[in-house]
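A structural walkthrough
One letter stands for each residue in the lines below.
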2 protein chains.
Amino acid sequence: MPKTHPARRTTIMDVARAAGVSRQTVSNAINSPERVRPDTRSKVLQVVDKLHYRPSSAARTLRHQRAGAVGTELNAVADQPSDIALPFLTALTLSAARHACHMVPFASKEAFPLLSGYQDMVRRRLVDAFILTDTHPGDPRPAWLEEAGIPYASFGRIYDDPTRGYWADVDGAAGTQMAVAHVAASGYQTVGFLGWPAGSAVGDLRREGWAQGVKEHDVAAGPEGSAPQSLPEALRAAEDLLDGLAVGDAVVCASDVLALGVHQAALARGWTPGADIGITGFDGSPVAHLHSITTLTQPLDDIAEHLFTILDHQLAGSPEPVQAALLVPTLDVNTSTKITPKKGTS
Amino acid sequence: MPKTHPARRTTIMDVARAAGVSRQTVSNAINSPERVRPDTRSKVLQVVDKLHYRPSSAARTLRHQRAGAVGTELNAVADQPSDIALPFLTALTLSAARHACHMVPFASKEAFPLLSGYQDMVRRRLVDAFILTDTHPGDPRPAWLEEAGIPYASFGRIYDDPTRGYWADVDGAAGTQMAVAHVAASGYQTVGFLGWPAGSAVGDLRREGWAQGVKEHDVAAGPEGSAPQSLPEALRAAEDLLDGLAVGDAVVCASDVLALGVHQAALARGWTPGADIGITGFDGSPVAHLHSITTLTQPLDDIAEHLFTILDHQLAGSPEPVQAALLVPTLDVNTSTKITPKKGTS
DNA sequence: CTGAAAGCGCTTACAG
DNA sequence: CTGAAAGCGCTTACAG
């Protein structure tokens, strides 16, 4: 951007002069309270307040050799951006503020992540670390960053080496198990599952939770089906699945879009979701809320907070291994159609 | 975040030594090519490349008195976050890079924007300017920022004083007019409108475009209805609206959620959207794509780019008035159900 | 065309 | 407990 000369802003010297102390004392009053007499400190702080003084983050960064910023990549090419990407970024932004830093999003139009994009930001000292999202088996980024000595924390397991510990994730199995418990407690007798095609790490775990839940909660396992994350295909798979179910049964789904497919397939055959048939989604996405679908909301605030804890450890050079975290989602029951299920006729 | 001592990174001095010149020459080679002999320059640039040198943005900021960053507020409280918030942030992030700067998102859990949040970021010199979104009549932020001398540019008109010029917006009227032209050209004969309750600035303009389009394209004006931005209410309003329409007619909507309401209401009475009834939404949101609804996609990349042009002008202290921009959306036709409308029976 | 000086704003040792 | 010095990395005048 072109250069200009904006109004001069308040600096530490202005505060020092107004308070009648040296600028080091102002700095100490702010950063090392114990090194300054209480009355001096309060006088300085009063002037800081009056003058609305805030230390320049650039000067601090230069002095500390630390940007106080964390980068995160925005997917600029996804045809279907993740529904929770924005809520998660918001959670990160709020967590960052609590950890005295800020987020710096970046994006590229390349289909695959570029190591150079990550490295450049660190070389320019724009960020100290990264938050990774959408990790998947074969994701090259953890190894890249580790090799380059760049701290990072990942929303989503580091599949190629989960022992690394620099991650927090949603406990998908616990989630779908909770969903089964919920529909069982609501009176549904047979519980089917609609997931993604086998082989996706996240999807397989969510399926496991359903299978486990069915065993534990004294309901019959209904049929299972799968479809990729697109509504027409979810709808088609849901129709097949419903052919094997009856009024009074339920379907636990691996995602909200899949649940929407079941929802619409149910409506198409005249079944009322939440009464004739129980349906649960996964993610707590806007789609679920828009269509009033019961869903498993991911604890994004907790995940963001945990990732910053991981980052703090690394940045502090702490040698102890960091604990990865598996956080349990919250069942977000759609109350608008919370009706006792009608008994099936079959 | 706690302090640490990361590996020392390459500085301008490392480049100077390796190239056998003074550090000022390195700086000139990078920033003022005309002040350096071509062969010196290329030698320096070669070393820069080899050493992967990138100037420290903190040092640059300190020297330039310019953060090279733009803030934007993330709505952390919206029950229903805007569907295009993330795509727009992505567009901003890409535009920012083209203007040699980066975005810094911030958020608060307050229901209303806080001036102090904006001022603090400027005082800490974290950002030079702001991008505003979700402006509305009575929005205090433009006046705040103007008074504080903080540059800004707004996605959305500055309603209280559109002459200010620091904005870019979607031409809502042109959009709905295009939608009418499209359904007319597709053979639909009567075109109704589903909008928001009168009084919303954006909604009223979109309605006007429909009214104008109906006049210009030789179709009959169908009934109009309105509903707030929630699916159940959209569905109810759509049912009423469809009572006044027949197979072979179309409905232009002020948003994608409203269009989804019409879509579902049509399905409920056995009409095939895109054949029995024409439906258009507005925003190009994931909702529209998920449900394959024809929609008016907002030119987010162009808007972002224009906002940065506005910012550049202000930051350069340019005295000429900035041009606000009204950008026309793109009609995103859902090809999956692109069928000639069946003639109505009424 | 090239190089030595000054300074952006801050904080961390260090000396009084 | 308080204050003078040094330096983080860079660039913009300015002098050679």
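The name an unreviewed UniProt entry gives chain A is LacI family transcriptional regulator, with Nesterenkonia natronophila as the organism.

**Side note on the overall build of chain A**
In terms of regular secondary structure, chain A is built from 13 helices and 12 strands. Taking 346 residues into account, the globule formula puts the C-alpha radius of gyration at 20 Å, and chain A, at 26 Å, lies well above it. Taken along its principal axes, the extent of the C-alpha atoms in chain A is 85 × 45 × 40 Å. Buried positions account for 50% of the 346 residues belonging to chain A. A separation of at least 24 residues holds for 69% of the contacts in chain A among residues at least 6 apart in sequence. As displayed, chain A offers around 15,400 Å² of accessible surface, 51% of which is attributable to carbon and sulfur atoms. Here chain A holds 30 positive side-chain charges and 37 negative ones, and the gap between their average locations is 16 Å.

**Side note on the sheet that holds strand β12 (residues 330-332) of chain A**
Residue and element names in this part refer to chain A. Taken in spatial order, the six strands make up an open sheet running β7-β6-β8-β9-β10-β12, and their pairing is mixed. Each edge of the open sheet carries a strand with a single partner, namely β7 (220-226) and β12. Taken pair by pair, the neighbouring strands of this sheet meet at an average axis angle of 20 degrees, ignoring direction. Where strand β6 (residues 190-195) lies against β7, five bridges are found, and the strand directions are parallel. The residue of β7 that forms the bridge with Leu194 is Gly225. Contacting β6, β7, β8 (249-253) and β9 (277-283), helix α10 (residues 231-243) crosses the sheet at an angle of about 155 degrees to β6. Against the sheet, helix α11 (residues 256-268) contacts β6, β8, β9 and β10 (294-297), and its axis sits at roughly 160 degrees relative to β9.

**Quick notes on the relation of the copies chain A and chain B**
Of the transformation placing chain A onto chain B, the axial shift is 0.0 Å and the rotation is 180 degrees, giving an RMSD of 0.0 Å. Accordingly, the operation relating the two chain copies is best matched by a two-fold axis. Closest approach to the rotation axis within chain A is made by the C-alpha atom of Ala58 of chain A, at a distance of 2.4 Å. When you check the interface residues of chain A against chain B, 100% turn up at the interface there too, and the contact is symmetric in its surfaces.

**Here we look at the packing of helix α1 (residues 12-19) of chain A against helix α3 (residues 38-51) of chain A**
All names here are of chain A. Where α1 contacts α3, the axes come no closer than 9 Å and their chain directions differ by 125 degrees. As judged from the angle between their axes, α1 and α3 are oblique. α3 is crossed by α1, and the crossing has right-handed handedness. Where α1 abuts α3, its residues Asp14, Val15, Ala18 and Ala19 lie against Lys43, Val44, Val47, Val48 and Leu51. Considering only residue class, the contact of α1 with α3 consists of seven nonpolar, no polar and two charged.

**Quick word on the environment of Leu326 of chain B**
Residue and element names in this part refer to chain B. Counting through the fold element by element, Leu326 comes out in strand β11 (residues 325-327). Taking relative accessible area as the criterion, Leu326 reaches 39% and is therefore assigned partly exposed. Note: C-alpha distance between Leu326 and Ala220 (106 residues apart in sequence) is 28 Å. Residue contacts for Leu326: discarding those within four places in its chain leaves Arg157, Trp167, Asp169, Val170 and Asp171.

**Points about the side chain of Asp249 of chain B**
All names here are of chain B. Looking at where Asp249 falls in the secondary structure, it is placed in strand β8 (residues 249-253). For Asp249, the side chain forms a polar contact with the main-chain nitrogen of Ala246, separated by 2.8 Å. When neighbours within four sequence positions are excluded, Asp249 is seen to be in contact with Tyr188, Thr190, Asp276, Ile277 and Gly278.

**Topic: the UniProt feature "domain: HTH lacI-type" (unreviewed entry) in chain A**
Feature annotation in UniProt places "domain: HTH lacI-type" (unreviewed entry) on residues 10-64 of chain A, given in this structure's numbering. The distance from the first to the last C-alpha atom of residues 10-64 of chain A is 21 Å, and the span holds 71% helix and 0% strand.

**Section: the side chain of Thr61 of chain B**
Residue placement: Thr61 of chain B occurs in helix α4 (residues 57-64). Overall, the relative accessible area of 12% leaves Thr61 of chain B in the buried class. Excluding its chain neighbours within four sequence positions, the residues that come into contact with Thr61 of chain B are Ala58 of chain A together with Arg66 and Ala67 of chain B.

**Things to note about the protein's contact with DNA strand C**
Near DNA strand C you find 27 residues, and of these Ile12, Arg23, Tyr53 and Arg63 of chain A together with Gln24 of chain B are the closest. Sugar and phosphate atoms represent 59% of those atoms of DNA strand C found within 4 Å of the protein. Here Gln65 of chain B contributes a side-chain N or O atom positioned 3.0 Å from a phosphate oxygen of DNA strand C. At the level of elements, α2 (23-31) and α4 (57-64) of chain A together with α2 (23-31) and α4 of chain B are the ones that each hand at least two residues to the surface near DNA strand C.

**Examining the interface of chain A and chain B**
Taken together, the contacts link 60 residues of chain A with 60 residues of chain B. In total, chain A and chain B occlude about 5,500 Å² of area from one another, counting both sides; carbon and sulfur atoms represent 66% of this. Our enumeration of links across chain A and chain B arrives at two salt bridges. Across the pair Arg54 of chain A and Asp120 of chain B runs a salt bridge, and its minimum N-O distance is 3.2 Å. The tally of links between chain A and chain B comes to five residue pairs in polar contact (both at pLDDT 80 or more). Sorting the residues of the side of chain A that touches chain B by element identifies α4, β1 (69-75), α5 (85-98), β2 (102-108), α6 (115-123), α11, α12 (286-290) and α13 (300-315) of chain A as the ones contributing at least two each. For the side of chain A that touches chain B, a count of residues per class yields 31 nonpolar, 17 polar and 12 charged.

**Some details on α6 of chain A**
Residue and element names in this part refer to chain A. Looking only at α6, the buried set comprises Tyr118, Gln119, Met121 and Val122. Buried residues in α6, looked at end-on, bunch into an arc of 160 degrees, giving them a common side. Contacts from the buried residues of α6 go to β1, β2, β3 (129-132) and α7 (141-148). One or two positions beyond α6, positive phi appears at Arg125, with a value near 60 degrees.

Conventions we followed
Residues numbered from 1 in each chain as written. Chains lettered and ligands numbered in written order. Predicted model: local features only at pLDDT ≥ 70, side-chain atom pairs only at ≥ 80, totals over all residues. Heavy atoms only, no water. Helix = DSSP H or I, 4+ residues; strand = E, 2+ residues; numbered from the N terminus. Rg over C-alpha atoms; globule rule 2.2 N^0.38 Å. Buried < 20%, exposed > 50% of the residue type's maximum accessible area, 1.4 Å probe, protein only. Contact = heavy atoms within 4.5 Å. Areas by Shrake-Rupley, 256 points an atom, 1.4 Å probe, with all protein chains shown as cover. Lys, Arg positive; Asp, Glu negative; His and termini not counted. Charge placed at Lys NZ, Arg CZ, Asp CG, Glu CD. Pairing = 2+ DSSP bridges. Axes fitted to C-alpha atoms, helices over the stretch in contact; angles between N-to-C directions. Least-squares fit on C-alpha atoms with pLDDT ≥ 70 in both. Parallel < 35°, antiparallel > 145°, perpendicular 65-115°, else oblique. Left-handed = near helix turned anticlockwise from the far one by under 90°. Nonpolar A, V, L, I, M, F, W, Y, C, P; charged D, E, K, R; others polar. Polar contact = N/O pair within 3.5 Å; in protein donor to acceptor, adjacent residues only side chain to side chain. UniProt positions renumbered as here; feature names shortened; annotations may be inferred. Near = heavy atom within 4 Å. Buried area = accessible area lost by both parts, 1.4 Å probe. Salt bridge = Lys/Arg side-chain N within 4 Å of Asp/Glu carboxyl O. Arc of directions from axis to C-beta.

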